[in-house]
Structure formats: structure tokens, C-alpha cells
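Each chain, written out:
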Amino acid sequence: LKYMYSAKVDRAEATGNTDAKLNNALDWAYQKMEEKKGKPKVDYTRLDKKQAVLTVVWALGITPLAINVVVNTADQFMNSPGPSVIKGL
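Just so we're clear, the structure is a prediction, and the values are computed from it rather than from any experiment.

A.B. asks: Give me the lowdown on the packing of helix α2 (residues 11–23) against helix α3 (residues 25–36), citing residues and values where you can.
C.D. replies: Between α2 and α3, whose axes approach to 5 Å, the crossing angle comes to 130°. By the angle between their directions, the pair α2 and α3 is classed as oblique. Taken together, the residues of α3 that come into contact with α2 (itself represented by Asn17, Ala20, Lys21 and Asn23) are Ala25, Trp28 and Lys32. Across the contact of α2 with α3, the residue classes tally to three nonpolar, two polar and two charged.

A.B. asks: Describe the layout of surface pockets, and please don't skip the residues or the numbers.
C.D. replies: Counted as a void, the largest pocket has a volume near 300 Å³. If you go around the largest pocket, the residues you meet are Gly16, Asp19, Ala20, Asn23, Val42, Asp43, Tyr44, Arg46, Asp48 and Gln51. If you tally residues by element for the lining of the largest pocket, the top one is α2, at four residues. Along the lines of polarity and charge, the residues of the lining of the largest pocket split into three nonpolar, three polar and four charged.

A.B. asks: Which residues make up the pattern of salt bridges, and what are the values?
C.D. replies: For side chains of opposite charge, pairing can occur when their charged atoms come near one another. In the structure shown here, the tally under the stated rule is three salt bridges. Salt-bridge contacts for Lys41 lead to Glu13; the nearest nitrogen and oxygen are separated by 2.8 Å. Of the two residues, Lys41 is situated in the loop between α3 and α4 (49–79) and Glu13 in helix α2; the sequence distance between them amounts to 28 residues. The exposure class of Glu13 is partly exposed, given its relative accessible area of 22%.

A.B. asks: Residues and numbers for α3, please.
C.D. replies: Given a rise of 1.5 Å per residue, 12 residues ought to cover 16 Å, and the 17 Å separating the end C-alpha atoms of α3 matches this to within 8%. Inspection of α3 places Trp28, Gln31, Lys32, Glu34 and Glu35 among the buried residues, and these make up the whole buried set. Viewed end-on, α3 has its buried residues packed into an arc of 160°, placing them on one side of the element. Facing away from the buried side of α3 by more than 90 degrees, the exposed set consists of Leu26 and Lys36. Tucked inside the fold, the buried residues of α3 contact α1 (2–7) and α2. Immediately downstream of α3, the backbone of Gly38 shows phi near 110°, a positive value.

A.B. asks: Mind laying out the packing of aromatic side chains, listing which residues take part and the relevant values?
C.D. replies: In this description, a pair of aromatic rings is defined by centroid distance and the angle of the planes. In the structure shown here, the tally under the stated rule is one aromatic pair. On the numbers, 6.1 Å between centres and 65° between planes, the contact of Tyr3 with Trp28 is edge-to-face. Of the two residues, Tyr3 sits in helix α1 while Trp28 sits in helix α3, which places them 25 residues apart along the sequence. Positioned above the aromatic ring of Tyr5 is the side chain of Lys8, whose terminal nitrogen or guanidinium carbon lies 4.8 Å from the ring centre.

Conventions and cut-offs
Residues numbered from 1 in each chain as written. Predicted model: local features only at pLDDT ≥ 70, side-chain atom pairs only at ≥ 80, totals over all residues. Heavy atoms only, no water. Axes fitted to C-alpha atoms, helices over the stretch in contact; angles between N-to-C directions. Helix = DSSP H or I, 4+ residues; strand = E, 2+ residues; numbered from the N terminus. Parallel < 35°, antiparallel > 145°, perpendicular 65-115°, else oblique. Contact = heavy atoms within 4.5 Å. Nonpolar A, V, L, I, M, F, W, Y, C, P; charged D, E, K, R; others polar. 1 Å grid on protein atoms, 1.4 Å probe; cavity = no way out; pocket = protein on both sides within 12 Å on 5 of 7 lines; lining within 4 Å. Points joined across faces, edges and corners; volume = space filled by probe spheres on them. Salt bridge = Lys/Arg side-chain N within 4 Å of Asp/Glu carboxyl O. Buried < 20%, exposed > 50% of the residue type's maximum accessible area, 1.4 Å probe, protein only. Expected span 1.5 Å × (residues − 1). Arc of directions from axis to C-beta. Phe/Tyr/Trp six-rings, centres within 6.5 Å; stacked < 30°, edge-to-face > 60°. Lys NZ or Arg CZ within 6 Å of the ring centre and 35° of its normal.

It is worth stressing that arrangement in space is one thing and function is another; only the former is reported here.
Laid out in C-alpha cells, this is it:
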């Protein structure tokens, strides 16, 4: 509500800007400075379908795969660490 009042924007635009700022504050601040210099205003309320699909693929596909690889590697290391450098261990 504070951003909504200070920037004189509607609730959807204020929410989009707040989310963008929380996601990447430096890029958001740079974009706001560029807008003051006359660059086109970014619409943070519009959903980019390509970005949404990529996010879903990463969330449901790539991330679990990476976690599985890390867990399996750690499990193999803990259960069969390989030959010991010190004799007798």
C-alpha cells in the first residue's frame, strides 16, 4: 500500500513492482532509474508465458533431478567411500 500511494499506481502494478523488487532489487532499481530518464515503463503485471513454462520445467524437472544426483552421490560416498590411503583402514 505504501508503494501504491507514493507512486500513484493501482494495486496490481504496486504488487508487480514489489514482487520485482523483492526478486532482484538491483535490477528493479536500475529499471526505475531508466524509466525516469525516459525509457519505456516495464509492466510487471504481465505474465510472460515462456518464462512461466521455463519456471515450471525447472521446478518440476531439473531441480528434483539435481537433488537426486546430489543425494545419490552423497549416499555412495558415505556407504562405499573407496580405497583408503592409510593402510589397514
